[in-house]
Amino acid sequence: MSICVLAGGKALTLGAALFTLSWTHSVEKIRWEEDWRATPAGLEIVEARVQGSGAGMEPPPDAHFEDGWWRYRPSLPPQNEVALAASGATGSGWQLCAADECHELGASAEKPVIVRYCE
């Protein structure tokens, strides 16, 4: 299984089913991470983590605090794709890590970055 990333008119295929999206909140400057799994049904979120709260980042009631992170499992059905905004105004982009390889995405203003399952 693989994931396909469409960014800035280019396509990237990563031969991995598991990946992590991470970013720093543009206002609160707090780290956020999400673990995802690519399946034929779509992209499934496995876990989300945030290192604090504020400005729309409050962890849900079922979150637990462990090793400096609020951890929880979002209730979200499999997604056909995940679109990542790329405004260029947040100070940094998204980091996508899969199979011991990380890529910085959406750091400059452009169309949204699209992540999806691909065969």
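Residues numbered from 1 in each chain as written. Predicted model: local features only at pLDDT ≥ 70, side-chain atom pairs only at ≥ 80, totals over all residues. Heavy atoms only, no water.

Trainee: Help me understand the side chain of Arg71, please; the structure alone is not making it clear to me.
Mentor: Structurally, Arg71 can be placed in strand β7 (residues 69-72). Among the polar contacts listed, one links the side chain of Arg71 to the side chain of Glu47, at a separation of 3.0 Å. The contact partners of Arg71, leaving out residues within four places of it in the chain, are Glu47, Ala48, Arg49, Ala63, His64 and Glu66. (Helix = DSSP H or I, 4+ residues; strand = E, 2+ residues; numbered from the N terminus. Polar contact = N/O pair within 3.5 Å; in protein donor to acceptor, adjacent residues only side chain to side chain. Contact = heavy atoms within 4.5 Å.)

Trainee: It is not clear to me how the nonpolar core should be interpreted in this structure. Could you clarify?
Mentor: Ranked by internal contacts, the top residues of the largest apolar core, which has 27 residues, are Ile3, Phe19, Leu21, Leu43 and Leu96. Where this core is concerned, the elements lending two or more residues are β1 (2-7), β3 (18-24), β4 (31-39), β5 (42-50), β8 (81-84), β9 (94-98) and β11 (113-118). When near neighbours in sequence (up to four residues on either side) are disregarded, Leu96 contacts Ile3, Val5, Leu14, Phe19, Thr20, Leu21, Glu101, Cys102, His103, Leu105 and Val115. (Core = buried A, V, L, I, M, F, W, Y, C linked by side-chain atoms within 4.5 Å. Buried < 20%, exposed > 50% of the residue type's maximum accessible area, 1.4 Å probe, protein only.)

Trainee: How do you make sense of the state of the cysteines when you look at a structure like this?
Mentor: Where two cysteines share a covalent bond between their sulfur atoms, that bond is called a disulfide. What the rule picks out here adds up to two disulfides. Bridging Cys4 to Cys118, the disulfide has an S-S length of 2.0 Å. Across the disulfide from Cys4 to Cys118, rotation about the S-S bond amounts to roughly 100°, and the bridge is consequently right-handed. Of the two residues, Cys4 sits in strand β1 while Cys118 sits in strand β11, which places them 114 residues apart along the sequence. For the residue pair Cys4 and Cys118, the accessibility class agrees, reading buried in each case. A sulfur-sulfur distance of 2.0 Å marks the disulfide that ties Cys97 to Cys102. Taking the sign of the S-S torsion, 110° for the link of Cys97 and Cys102, the bridge is right-handed. Among the cysteines of the protein chain that take part in disulfides, numbered as they appear in the sequence, the pairing is 1-4, 2-3. (Disulfide = S-S within 2.5 Å.)

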